[in-house]
Amino acid sequence: MAEGAEVPAPTALTSPPRRLWTRSVALAASVVSAGLAVLLLYDRWTNPLSLYGTAYPAGTPTPDLRGTGEDGQPLALSDLKGKTVAVFFGFLHCPNYCPTTLAALERVRQALPERQRAQFVTLLVSVDPKRDTPALMNEYVTYFNPSARGLIIPDEPLREAAAGWGVGYQYVPSAGGAYDVNHTTGTYLVDRVGNRRVVWDYSQVTTNPQRVAQDVQAVME
């Protein structure tokens, strides 16, 4: 640049036209709305009854459970077809999760209309067949509800059955040579034709049995 020549003033930075900014906001809002609509449609497809628990896809089969009932007689889950069954895997020496869940499931049953109560059955499946006997099981489950059922399955079939349900359990040594059992604490609802319909986690069952009862009613109807 020649000496003495005027230095051009710097060009001012300008913001994008307001119309362009408005279009960007509108486009973003449209994308969000479309995403929410897709999520809503997916939820209605996977959970058409708007269930409180986690819904299984329609027609999800239920792996059968077969062993000895609380009355000492052979019992299979398939024997309970025609009923709506809440299945919980636990054990009789359980200090907290199992009794709390069974008590909550009785509150669920009581929350149902009277005409539906007899069609709702709680089934406790033992994950501790070494210690849980039919006599002890009978005393335990009927304490919460006279119509509740219990099922004891030998070790090897139990491992296979639990895997089919996505249930885990582990024996943990405790003081004095005894042991505890860590286990999955979900409750599974099986409809009257034998399909898995919904699973609730422990907190859902124990803190909101009224809402769980609404799920049971929806599945029954």
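To be clear, the structure that these remarks concern was listed above.
Rules of the game
- The written sequence of each chain sets the order in which its residues are numbered from 1.
- In keeping with the model being predicted, local features are shown solely for residues with a pLDDT of at least 70 and side-chain atom pairs are shown and tallied solely at 80 or more, while totals for entire chains, interfaces and linings include all residues.
- Calculated side-chain values reflect all of the structure's heavy atoms, with hydrogen atoms and water omitted.
- Put simply, DSSP marks the helices as runs of H or I at least four residues long and the strands as runs of E at least two long, and each gets a number from the N terminus on.
- Residue burial is assigned from relative accessible area. The probe radius is 1.4 Å, only protein chains are included, and a residue is buried under 20% of its type maximum, exposed over 50%, and partly exposed in between.
- The criterion used for residue contact is that any of the two residues' heavy atoms lie within 4.5 Å.
- Between N-to-C directions, angles span 0 to 180 degrees; the directions come from axes that are lines fitted to C-alpha atoms, helices contributing only their stretch in contact.
- By definition in this entry, angles of less than 35 degrees are roughly parallel, angles greater than 145 are roughly antiparallel, angles of 65 to 115 are roughly perpendicular, and the rest are oblique.
- Should the near helix be turned anticlockwise from the far one by less than a right angle, the crossing is termed left-handed; should it be turned clockwise, right-handed.
- Each residue gets one of three labels, nonpolar for Ala, Val, Leu, Ile, Met, Phe, Trp, Tyr, Cys and Pro, charged for Asp, Glu, Lys and Arg, and polar for the others, Gly among them.
- Following DSSP output, two strands are said to pair if at least two bridges run between them.

### Quick look at the overall build of the protein chain
And step 1. When helices and strands are counted, the protein chain shows 7 helices and 10 strands.
And step 2. Per-residue burial for the protein chain yields a buried fraction of 38% across its 221 residues.
And step 3. Considering only intrachain contacts with a sequence separation of at least 6, the fraction spanning at least 24 residues in the protein chain is 69%.

### Considerations on the packing of helix α2 (residues 97-111) against helix α7 (residues 209-220)
And step 1. Running from N to C, α2 and α7 cross one another at 60°; their axes reach a closest spacing of 8 Å. With respect to each other, α2 and α7 are oriented oblique. Seen from above, α2 lies across α7 with right-handed handedness. Of the residues in α7, those in contact with Ala104, Arg107, Val108 and Ala111 of α2 are Pro209, Gln210, Val212, Ala213 and Val216.
And step 2. The class makeup of the residues in the contact of α2 with α7 is 7 nonpolar, 1 polar and 1 charged.

### Re the sheet that holds strand β2 (residues 66-69)
And step 1. Pairing is mixed across the open sheet formed by 8 strands, whose spatial order is β1-β10-β9-β4-β5-β6-β2-β3. Looking at which strands have only one partner, the edges of the open sheet turn out to be β1 (54-55) and β3 (74-76).
And step 2. Pairing of strand β4 (residues 84-90) with strand β9 (residues 187-190) involves 4 bridges; the strand directions are antiparallel. Bridge assignment links Ala86 to a residue of β9, and that residue is Leu189.
And step 3. Set on the sheet, helix α4 (residues 134-144) makes contact with β2, β5 (120-126) and β6 (149-152); between it and β6 the angle comes to about 150°.
And step 4. On top of the sheet, α7 reaches β4, β5, β9 and β10 (196-200); it is set at about 175° to β10, its chief contact.

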